[in-house]
Amino acid sequence: MEVGIVGLPYTGKSTLFRAFTGLEPDPGAGLKPNIGVARIPDPRLDTLVRLVETKKVVPASLTVLDIPGLVRGSSEGAGMGNAFLSHIRDVDALIHVVRCFTKGPGGQDVAHVDGSLDPMRDIETIELELILADLQMVENALPRAEKAARRRDAEAVARLSVLRKAMPILEAGEPARSLAVGTEDERKALKGLAMLSAQPVLYVANVDEDDADGTGELASSVRNHARNVQSQFIPVCALIEAEIAELDESDRGEMLESLGLTEPALHKLAQAAYALLGLQSFYTVGPKEIRAWTVP
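Model, not experiment: these values are computed from the prediction.

Reading the values: the criteria
- Residues numbered from 1 in each chain as written.
- Predicted model: local features only at pLDDT ≥ 70, side-chain atom pairs only at ≥ 80, totals over all residues.
- Heavy atoms only, no water.
- Helix = DSSP H or I, 4+ residues; strand = E, 2+ residues; numbered from the N terminus.
- Rg over C-alpha atoms; globule rule 2.2 N^0.38 Å.
- Buried < 20%, exposed > 50% of the residue type's maximum accessible area, 1.4 Å probe, protein only.
- Contact = heavy atoms within 4.5 Å.
- Areas by Shrake-Rupley, 256 points an atom, 1.4 Å probe, with all protein chains shown as cover.
- Lys, Arg positive; Asp, Glu negative; His and termini not counted.
- Charge placed at Lys NZ, Arg CZ, Asp CG, Glu CD.
- Disulfide = S-S within 2.5 Å.
- Axes fitted to C-alpha atoms, helices over the stretch in contact; angles between N-to-C directions.
- Left-handed = near helix turned anticlockwise from the far one by under 90°.
- Nonpolar A, V, L, I, M, F, W, Y, C, P; charged D, E, K, R; others polar.
- 1 Å grid on protein atoms, 1.4 Å probe; cavity = no way out; pocket = protein on both sides within 12 Å on 5 of 7 lines; lining within 4 Å.
- Points joined across faces, edges and corners; volume = space filled by probe spheres on them.
- Phe/Tyr/Trp six-rings, centres within 6.5 Å; stacked < 30°, edge-to-face > 60°.
- Lys NZ or Arg CZ within 6 Å of the ring centre and 35° of its normal.
- Arc of directions from axis to C-beta.
- Core = buried A, V, L, I, M, F, W, Y, C linked by side-chain atoms within 4.5 Å.
- Pairing = 2+ DSSP bridges.

(A) Spatial organisation of the overall build of the chain. A count of helices and strands for the chain gives 9 helices and 9 strands. Its C-alpha atoms give the chain a radius of gyration of 21 Å, within 12% of the compact-globule value 19 Å for 296 residues. Projected onto its principal axes, the C-alpha positions of the chain cover 65 × 55 × 40 Å. Expressed as a percentage of its 296 residues, the buried residues of the chain come to 46%. In the chain, the share of contacts with a sequence separation of at least 24, taken over all contacts with a separation of at least 6, comes to 67%. Summing over all exposed atoms, the chain offers an accessible surface of approximately 15,300 Å²; the carbon and sulfur share of this is 51%. Charged side chains in the chain number 31 positive and 43 negative. The centres of these two groups are separated by 10 Å.

Okay, structure coming up:
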């Protein structure tokens, strides 16, 4: 399972990536996204280990791609984010990090690219850029698809049908996930086109330390939007999660208790990603290894 992290600059995407994967994002990676693997927390594995003696425990994993922040005009080449969009076309879902914090590390002010905090405006900015990138792809693909469909190949005809259906939806500023496809060939064609705005989205509200449960006004607006578009939502304080991830197991428990938390928010994030994609874990158990496998 692969997810791509998207969002505006200075939303805490890289901090979240570091907390999730244990890796430090490489600012000198060139035109490649930062890629890491996060283990899916699973208390059932702990139960199995207590029941069966084994040499190795292999949890399910999540491959995470972090790209530079998108800005208004990214679809037309503004900023660096546009150069990375092709890398996240084939992920299974997007994690959209939305800034809902007012202060950065040490209480410092953190500039916002648009000058003020407005989660809904930020969401609309990112989603519009993904839609415009898809529209550009559809416009470029249509002439080739029309030519290929003349051969009456079922796959080519289905691809052309999907492109023609997608064009007015994208032009109206609506995401491709609202596209209705009727046949199995069209469903395969839609998946093959790998439209950014067709991917399921998990909204992550990056909140202040004093709003870890995401009940504040800013995070609540993101929660309501996620509910309205039938998506998943989770509040995360990336600064806290980064600190927790660096501690050993015993100190981690003490910090969580001091914060009034039962588990790191990243555990809930992984579970929300599973729910978004309709996934669950299947287990194999034996003396050589206990392993969790990701299955629909």
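Alright, that's what it looks like, and here's the rest.
(B) Just the state of the cysteines, in detail. For the coordinates displayed, the defined rule picks out 0 disulfides. With no disulfide partner, Cys237 has as its closest neighbouring cysteine sulfur the one in Cys100, 11 Å distant. Residue Cys237 is classed as buried on the basis of its relative accessible area, which comes to 4%.

(C) View of the packing of helix α3 (residues 119-149) against helix α4 (residues 154-171). With their axes 9 Å apart at the nearest point, α3 and α4 run at an angle of 145° to one another. The way α3 lies across α4 gives a crossing that is left-handed. Facing Ile131, Asp134, Leu135, Val138, Glu139, Ala141, Leu142, Ala145, Glu146, Ala148 and Ala149 of α3, the residues of α4 in contact are Ala156, Val157, Arg159, Leu160, Leu163, Arg164, Ala166, Met167, Leu170 and Glu171. When grouped by side-chain class, the residues that make up the contact of α3 with α4 number 15 nonpolar, no polar and 6 charged.

(D) Empty space enclosed by the protein, seen in detail. Considering all chains together, one arrives at 1 cavity of 30 Å³ or more under this definition. Here the largest cavity is characterised by a volume of approximately 50 Å³. In this structure, the largest cavity is lined by Leu94, His96, Ile126, Glu127, Leu130, Ile131, Pro175, Arg177, Ser197 and Val201. Per element, the largest residue contribution to the lining of the largest cavity is 4 residues, and it comes from α3. For the lining of the largest cavity, a count of residues per class yields 6 nonpolar, 2 polar and 2 charged.

(E) Representation of the packing of aromatic side chains within the structure. Evaluated as defined, the whole model comprises 0 aromatic pairs. The positively charged end of Arg291 is found above the aromatic ring belonging to Trp293, 4.9 Å away from the centroid.

(F) How the structure looks around helix α5 (residues 184-193). Listing the buried residues of α5 in full gives Glu186, Ala189, Leu190 and Leu193. One side of α5 carries all its buried residues, which in axial view fall inside an arc of 100°. α5 presents Lys188, Lys191 and Gly192 as exposed residues on the side facing more than 90 degrees away from its buried surface. Looking at the buried residues of α5, the elements they touch are α3 and α4. Just beyond α5, the residue with positive phi is Ala194, at close to 50°.

(G) Main features of unusual backbone geometry. With a phi close to 65°, Tyr10 is a non-glycine residue in the positive phi region. Its place among the elements puts Tyr10 in the loop between β1 (2-6) and α1 (13-21). Unlike most non-glycine residues, Arg152 shows phi in positive territory, near 65°. Among the structural elements, Arg152 can be located in the loop between α3 and α4.

(H) The nonpolar core, seen in detail. Val64, Ile95, Leu202, Val204 and Leu269 are the most contacted members of the largest nonpolar core, which has 31 residues in total. The biggest single contributor to this core is helix α9 (residues 265-277), with 8 residues. In terms of nonpolar packing, the next biggest core, distinct from the first, is built from 30 residues, Ile126, Tyr203, Ala226 and Met255 among them.

(I) Broad picture of the sheet that holds strand β8 (residues 280-285). Read across the open sheet, the 3 strands follow the order β3-β9-β8; overall the sheet is mixed. Of all strands in the sheet, those with a lone pairing partner are β3 (57-58) and β8, marking the two edges.

Coordinates in, geometry out; function isn't part of it.
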